[in-house]
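One letter stands for each residue in the lines below.
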Amino acid sequence: MTARPAPTARRIRLAVELRKMRERAGMTSTEAARALGTSQGQLSNVEVARFGVSPDRIRALARLYSCPDQDFVEALIDMATDRTRGWWQTFRETLPSGLLDLAELEHHCTAVRTAYTTHISGLLQTRDHAREIFRHVIPAPTPPEVEHRVAHRIMRQDIIYRPDPVSYRTVIHEAALHMRVGGRAVARAQLQHLLDMGEREHITVRVLPFDVGAFPGSGQSINYLHGHVPQLDTAQLDQFHGPVLLDAEALLEKYRNLLDVVEKTALSPEKSRDHIHAIAQNL
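Computed from a predicted model, the values in this text were never measured in an experiment.

The next point concerns the overall build of the chain. Along the backbone of the chain there are 13 helices and six strands. Summarising its shape, the C-alpha atoms of the chain cover approximately 70 × 45 × 35 Å along the three principal directions. The buried share of the chain, taken over its 283 residues, is 46%. Sequence separation of at least 24 residues holds for 74% of the intrachain contacts in the chain that already meet a minimum separation of 6. Here the chain displays about 14500 Å² of accessible surface, and carbon together with sulfur accounts for 52% of that area. Of the side-chain charges in the chain, 35 are positive and 34 negative, and the distance between the mean point of each set is 3 Å.

Here we come to the packing of helix α2 (residues 29–36) against helix α3 (residues 40–47). When two helices pack together, their arrangement is given by the angle between the helix axes and by the axis-to-axis distance. Packing of α2 against α3 brings their axes to within 8 Å, and their N-to-C directions diverge by 110°. Of the possible angle classes, the one that applies to α2 and α3 is roughly perpendicular. Judged by the twist between their axes, the crossing of α2 over α3 is right-handed. In this structure, α2 contributes S29, T30, A32 and A33 to the contact, and α3 contributes Q40, L43 and S44. Of the residues in the contact of α2 with α3, the class split is three nonpolar, four polar and no charged.

The final tally for this structure, using the stated rule, is two aromatic pairs. Judged by centre distance (5.7 Å) and plane angle (75°), the ring pair of W87 and W88 falls under edge-to-face. Ring plane angle 90° and centroid distance 6.0 Å describe the contact between W87 and F91, whose orientation is recorded as edge-to-face. Members of the aromatic cluster, each reached through a chain of ring pairs, are W87, W88 and F91. Between the NZ or CZ atom of K254 and the centre of the ring of Y255, over which it lies, the distance is 5.8 Å.

Let us look at the environment of R57. If you trace the backbone, R57 turns up in helix α4 (residues 55–64). Residue classification places R57 among the partly exposed positions, given a relative accessible area of 32%. Taking C-alpha positions, R57 is 9.4 Å from I77, a pair spaced 20 residues apart along the chain.

The next subject is the nonpolar core. Proteins that are soluble and globular tend to have nonpolar side chains buried together. Among the nonpolar cores identified, the biggest contains 28 residues, and V112, L124, I160, L177, L191, L194 and I276 are the most heavily contacted of them. Listing elements by their share of this core, those giving two or more residues are α6 (97–108), α9 (158–161), β2 (167–173), α10 (174–178), α11 (184–198), β3 (203–208) and α13 (269–281). Examining the composition of this core, we find that five residues originate from one element, α11, more than from any other. By size, the runner-up hydrophobic cluster in this structure holds 25 residues, among which are V53, A62, C67 and V229.

Definitions and limits used
- Residues numbered from 1 in each chain as written.
- Predicted model: local features only at pLDDT ≥ 70, side-chain atom pairs only at ≥ 80, totals over all residues.
- Heavy atoms only, no water.
- Helix = DSSP H or I, 4+ residues; strand = E, 2+ residues; numbered from the N terminus.
- Buried < 20%, exposed > 50% of the residue type's maximum accessible area, 1.4 Å probe, protein only.
- Contact = heavy atoms within 4.5 Å.
- Areas by Shrake-Rupley, 256 points an atom, 1.4 Å probe, with all protein chains shown as cover.
- Lys, Arg positive; Asp, Glu negative; His and termini not counted.
- Charge placed at Lys NZ, Arg CZ, Asp CG, Glu CD.
- Axes fitted to C-alpha atoms, helices over the stretch in contact; angles between N-to-C directions.
- Parallel < 35°, antiparallel > 145°, perpendicular 65-115°, else oblique.
- Left-handed = near helix turned anticlockwise from the far one by under 90°.
- Nonpolar A, V, L, I, M, F, W, Y, C, P; charged D, E, K, R; others polar.
- Phe/Tyr/Trp six-rings, centres within 6.5 Å; stacked < 30°, edge-to-face > 60°.
- Lys NZ or Arg CZ within 6 Å of the ring centre and 35° of its normal.
- Core = buried A, V, L, I, M, F, W, Y, C linked by side-chain atoms within 4.5 Å.

Here it is, written out as structure tokens:
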């Protein structure tokens, strides 16, 4: 028997949103299933992403739950009908599922905002910088494993190079800019790459200088992915064991507000460019 493929990050998110829609309506799964003329087991399987769901069923659920947001409903239908087999699927046997989920969500997002304290965002890393980062993963990876991770990271960057690139805004603490990852030559090339990317119309690079002192979220790297509607945004946090994806509305609002504060605290894009150039000159 062929094993059923694991649900993708988008299918799981769709299931979560359908469950949250029901809960906001104050209905149990048994009550909802009875009203729809189906079984509680079938509805539960939809809500945990074991079963797919049709556009007509999503519209029926939205009517039953009195959901008035048509844009949100259409976004859910788009998630349900998307049959894209993304490039990240080729890494399913070689990389952790969390990295594949992140690539999938980035591919479908409309904009990205990030804030990093001790690292440079993966979407702006050079190949040599990324390779050096992955060489120091614990437990120590084999050379082929390093190259798989580097290839995955570089392919993720397609979202800022493709003909319809996403809007990308990042804040990088000065500490990350001084780290000589891979030695002086690699570090200089990485800083020059930041300068070059910051020249692109859809990319904004800001620096938090040392003299800012303490600031909100200083101990956490944040990757915020905007969905086609705000309810489908995702906040991603880096953890030692892998990426953590958050979609609770209260947490999304918290991280949006945090990024707003961090961006206002950082240098302007023009002053940030000068700051990066000065650091590169002193390496």
